[in-house]
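Residues per chain are reported as follows:
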Amino acid sequence: MASNRWQLFMFDKKIFNIQKTFKLAIKKHLNKNFKEAKTLYSEILKIKPDHANTLNNLGEIFRIEGETKKAQICFEKAIKVNPNSASLYNNLGLVYKNNKDKIKAIDLFNKSIEIDPNFVNPNYNLGIIYKEFGDYKKAKFFYEKVIKINSNHADTYNNLAII
């Protein structure tokens with residue numbers, strides 16, 4: 001019985017440390033101190049390799065830094081843990097879009113919208129892709145959908161004016 005209490009205490013201590021470390025990593029991340037944030041996120045993943053939020057945030061840093069393969073791996077692992085997260089599919093879609101695989105990106109943005117139809121980002125991203133393809137009718141459809149969701153989305157109004 002004492003052994004079980006000790007294991008529970010150690011488990012609770014790890015959870016507490018993960019939460020504390022995650023908050024610090026987010027602070028570093030938001031301040032664009034990516035090197036320290038990546039170190040902290042990596043420490044969390046050593047203790048809890050399936051921490052979806054950590055995988056997502058680390059993937060975001062890798063994506064921003066142009067390390068798309070590492071970003072892709074992080075987002076795919078996070079999706080395995082949390083397959084109902086619209087933001088994870090959107091983030092993975094951005095990786096594919098940046099890698100010029102727009103067809104795969106479209107599939108991922110559509111999956112994101114399937115999970116959360118009112119999520120602005122994948123709708124906006126589809127508008128951008130269709131505009132780049134020259135399919136202005138589809139681009140307009142997604143831009144108008146963004147405005148229905150968020151009437152203050154300035155970039156969408158700019159893009160609608162262009163097409």
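Residues numbered from 1 in each chain as written. Predicted model: local features only at pLDDT ≥ 70, side-chain atom pairs only at ≥ 80, totals over all residues. Heavy atoms only, no water.

Engineer: Which parts of the structure should I look at to understand unusual backbone geometry?
Structural biologist: Negative phi characterises most residues that are not glycine, and trans characterises most peptide bonds. One non-glycine residue, Lys 32, lies in positive phi territory at about 60°. Tracing the chain through its elements places Lys 32 in the loop between helix H1 (2-30) and helix H2 (34-47). Of note in this structure, Lys 100 is not a glycine but carries a positive phi near 70°. By the secondary structure assignment, Lys 100 is in the loop between helix H5 (86-98) and helix H6 (102-115). Since its relative accessible area comes to 67%, Lys 100 is described here as exposed. (Helix = DSSP H or I, 4+ residues; strand = E, 2+ residues; numbered from the N terminus. Buried < 20%, exposed > 50% of the residue type's maximum accessible area, 1.4 Å probe, protein only.)

Engineer: Just checking my understanding: could you explain H6 for this structure?
Structural biologist: Given 3.6 residues per turn, any residue in an α-helix points the same way as the ones three and four places further on. For H6, spanning 14 residues, the distance from its first C-alpha to its last is 20 Å, which sits close to the expected 20 Å at 1.5 Å a residue. Along H6, the positions that sit buried rather than exposed are Lys 102, Ala 105, Ile 106, Leu 108, Phe 109, Ser 112 and Ile 113. The arc that holds the buried residues of H6, viewed along the axis, is 170°, so those residues lie on one side. For H6, the exposed residues set more than 90 degrees away from the buried face come down to Ile 103 and Glu 114. (Expected span 1.5 Å × (residues − 1). Arc of directions from axis to C-beta.)

Engineer: Sorry if this is basic, but what is going on with the packing of helix H4 (residues 68-81) against H5 here?
Structural biologist: Close contact between H4 and H5 brings their axes to 9 Å; oriented N to C, the two are set at 155°. The angle between H4 and H5 falls in the class roughly antiparallel. Remark: the crossing between H4 and H5 carries left-handed chirality. Of the residues in H5, those in contact with Thr 68, Ala 71, Gln 72, Phe 75, Glu 76, Ala 78 and Ile 79 of H4 are Leu 88, Tyr 89, Asn 91, Leu 92, Val 95 and Tyr 96. A breakdown of the residues in the contact of H4 with H5 according to their chemical character gives nine nonpolar, three polar and one charged. (Axes fitted to C-alpha atoms, helices over the stretch in contact; angles between N-to-C directions. Parallel < 35°, antiparallel > 145°, perpendicular 65-115°, else oblique. Left-handed = near helix turned anticlockwise from the far one by under 90°. Contact = heavy atoms within 4.5 Å. Nonpolar A, V, L, I, M, F, W, Y, C, P; charged D, E, K, R; others polar.)

It is worth stressing that arrangement in space is one thing and function is another; only the former is reported here.
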